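Here's the letter readout for the chains.
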Amino acid sequence: MNAVLWSRLLSFLIGIVGINLMILIHETGHLLAAKACGIRVTVIQLGFGPSVFSHKRKDTEYRFCAIPFGGFCKMDTEPHTKQPVNFKNQMKRIISYTAGPFANIIFAIFCLSAYLSMPQVSDVLLPEISLVSPSCAAAKAGLKDGDFILSGNGESFEDYVSLRTWLSDNTDGRTVTVETQRGQFRISAENGMFGILPSGKTTTRKIQGQTFFTSVVNSVRHCFSETGQFLKSLVLMFRGKQKISETLTGIVTTSESLGSFAKKSFSSSFNRGIRTVLYLLGSISVSLAVANLLPFPALDGGYNVIAFTELITGKTLPQKAYLTIQITGLVVLLAIVPILRFFF
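Residues numbered from 1 in each chain as written. Predicted model: local features only at pLDDT ≥ 70, side-chain atom pairs only at ≥ 80, totals over all residues. Heavy atoms only, no water.

1. What about the overall build of the protein chain?
Link 1 in the chain: Looking only at helices and strands, one finds 10 helices and 10 strands in the protein chain.
Link 2 in the chain: For the protein chain, the exposed area adds up to about 19,700 Å²; of that, 63% sits on carbon and sulfur atoms. (Helix = DSSP H or I, 4+ residues; strand = E, 2+ residues; numbered from the N terminus. Areas by Shrake-Rupley, 256 points an atom, 1.4 Å probe, with all protein chains shown as cover.)

2. Here's the deal with the sheet that holds strand 7 (residues 176-180)
Link 1 in the chain: The sheet built from four strands is open, its strands ordered 6-5-7-8 with antiparallel pairing. Lying at the two open borders of the sheet, with one neighbouring strand each, are strand 6 (155-156) and strand 8 (183-187).
Link 2 in the chain: Pairing analysis gives two bridges linking strand 5 (residues 149-152) to strand 6, with the strands arranged antiparallel. Looking across to strand 6, one finds that Gly 152 is bridged to Glu 155.
Link 3 in the chain: Contacting strand 5, strand 6 and strand 7, helix 4 (residues 160-168) crosses the sheet at an angle of about 160° to strand 7. (Pairing = 2+ DSSP bridges. Contact = heavy atoms within 4.5 Å. Axes fitted to C-alpha atoms, helices over the stretch in contact; angles between N-to-C directions.)

3. Regarding helix 9 (residues 300-313)
Link 1 in the chain: The end-to-end C-alpha distance of helix 9, which contains 14 residues, comes to 20 Å, matching closely the 20 Å that a straight helix rising 1.5 Å per residue would cover.
Link 2 in the chain: Among the residues making up helix 9, those that are buried are Asp 300, Gly 301, Gly 302, Tyr 303, Asn 304, Ile 306, Ala 307 and Glu 310.
Link 3 in the chain: Count one or two residues on from helix 9 and you reach Gly 314, which has phi positive near 80°. (Expected span 1.5 Å × (residues − 1). Buried < 20%, exposed > 50% of the residue type's maximum accessible area, 1.4 Å probe, protein only.)

4. Quick word on the environment of Val 178
Link 1 in the chain: Residue placement: Val 178 occurs in strand 7.
Link 2 in the chain: On the accessibility criterion, Val 178 (4% relative accessible area) is buried.
Link 3 in the chain: In sequence terms Val 178 and Leu 150 are 28 residues apart; their C-alpha atoms lie 7.5 Å from each other.
Link 4 in the chain: Every residue in contact with Val 178, bar those within four places of it in the chain, is listed here: Leu 143, Ile 149, Ser 151, Gly 152, Trp 166, Gly 183, Gln 184, Phe 185 and Ile 187.

5. Some points on a nonpolar patch on the surface
Link 1 in the chain: Taken together, Phe 48, Ile 67 and Phe 69 make up a surface patch of nonpolar side chains, about 280 Å² in accessible area.
Link 2 in the chain: Secondary-structure assignment places Ile 67 in strand 2 (residues 60-75). (Patch = residues over 30% accessible without salt bridge, like charges linked within 9 Å, V, L, I, M, F, W, Y side chains within 5 Å. Salt bridge = Lys/Arg side-chain N within 4 Å of Asp/Glu carboxyl O.)

6. Some remarks on the packing of helix 2 (residues 87-117) against helix 8 (residues 270-292)
Link 1 in the chain: For the pair helix 2 and helix 8, interaxial distance at closest approach is 8 Å and the crossing angle is 160°. When the axes of helix 2 and helix 8 are compared, the pair comes out roughly antiparallel. Considering how the two elements wind past one another, helix 2 and helix 8 form a crossing that is left-handed. Two secondary-structure elements touch here, helix 2 through Pro 101, Asn 104, Ile 105, Phe 107, Ala 108, Cys 111, Leu 112, Ala 114 and Tyr 115 and helix 8 through Arg 275, Leu 278, Tyr 279, Leu 281, Gly 282, Ser 285, Val 286, Leu 288, Ala 289 and Asn 292.
Link 2 in the chain: Residues of the contact of helix 2 with helix 8, tallied by class, amount to 14 nonpolar, four polar and one charged. (Parallel < 35°, antiparallel > 145°, perpendicular 65-115°, else oblique. Left-handed = near helix turned anticlockwise from the far one by under 90°. Nonpolar A, V, L, I, M, F, W, Y, C, P; charged D, E, K, R; others polar.)

7. Looking at the packing of aromatic side chains
Link 1 in the chain: The full count for this structure, using the stated rule, is four aromatic pairs.
Link 2 in the chain: Ring centres of Tyr 97 and Tyr 303 lie 5.2 Å apart, and the angle between their planes is 35°; on these two criteria the pair is classed as tilted. A residue pair is termed long-range when its members are at least 10 positions apart, and Tyr 97 in helix 2 and Tyr 303 in helix 9 qualify at 206 residues. There is no split in this pair, since Tyr 97 and Tyr 303 are both buried. (Phe/Tyr/Trp six-rings, centres within 6.5 Å; stacked < 30°, edge-to-face > 60°.)

Okay, structure coming up:
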C-alpha cells in the first residue's frame, strides 16, 4: 500500500475511534440516567446504517452499525396522551436528556486530568554556547565555542532558556561571573549584548506532572474556558463578526484533525502521543457537550426546551408534532456541515 495512503488511512482510523469513544460516553450517559429514573430505553445505537451487531437484554437492544459516526439512545419519553403533565416525570426526562452532555463533561475532566498529571518528556536546549564572533564580549572574556555554562553569579542553569533569562537581566554593563567546565570568567555586556548563542545541543528531560487535586481543578477551569470560547464564537457569529462555517463546523474540523495530530505525536514519542490524544479528546468532548445543550431540534437542548415548555404550559406536545420536530432537526443537522463548507 502507498505510504501516503496508509498514513491518511491510519489518521482517519485513529480519529474515528476517538470520535466514537466520545459518542459512546454520551449515549451511555443517557442510558444510565434513564434507567436510574425508571425510563425504559428501547434502543442504544452506535453508528448509522445497517446493523453489524445487535444484542437485546431485557427491554433494551444494543446495536453497532456499519457507518461509524453518530449514535442515539431511544428513550420511552415521547408524549402519548393529552393527560396533564406530571412534574416528577418531566424532571426525569430533563435529567435523562442532560445526562449525555454531562457524561461528556466528566469524560473531558478525566482526560484533561490524566493529561496534566502525566510526566512530560521533552527535548531542552543545553546551556552550551556558541559565540557570535571572535570580537564579541564573551570572546573577549575568554569564553569559547562549546563552553558549558554551569552558573552565573552563583545561580545554576538547568537549560539554555534559564541561561538566556539570566543574561537578559544583566545587560546593563555591570560585570558578572559565569562558571564553565573550564573555570570562572568575568564578563560584561557591550551595547546590551554578550554575543552568546545556543550551540543547539539538546537533552531529554522528564518533567513531573501535576498532583491529582491540582490536575482536576485545572481541568475544570479548562472546561469552563472551552465553554466560554464556544459561546463567544456563537455570539460573534450572530453579530456577523465571525463566519457561520467557522463556528458550526469547528467541532467537526477538530475531530477530523484528531487522528492526524495523534499520529504525528506518536511518531515523536509514545508519551507525547498519549498526552496529545488525551488533550484533544478532552477539548473536543467539552465542545460536544456544549453543542448538544444548544436549544436546537434533535439536540439534547432542544428536547429540554420541549420538556420545559410542557412543564410550564401543563400540556404535552402532540406526538405528530414531536416527531416532526425530531426529523426536521436531524435532517438540518446532517445537511448543515456540508452546506456551510461549500457555500459560506
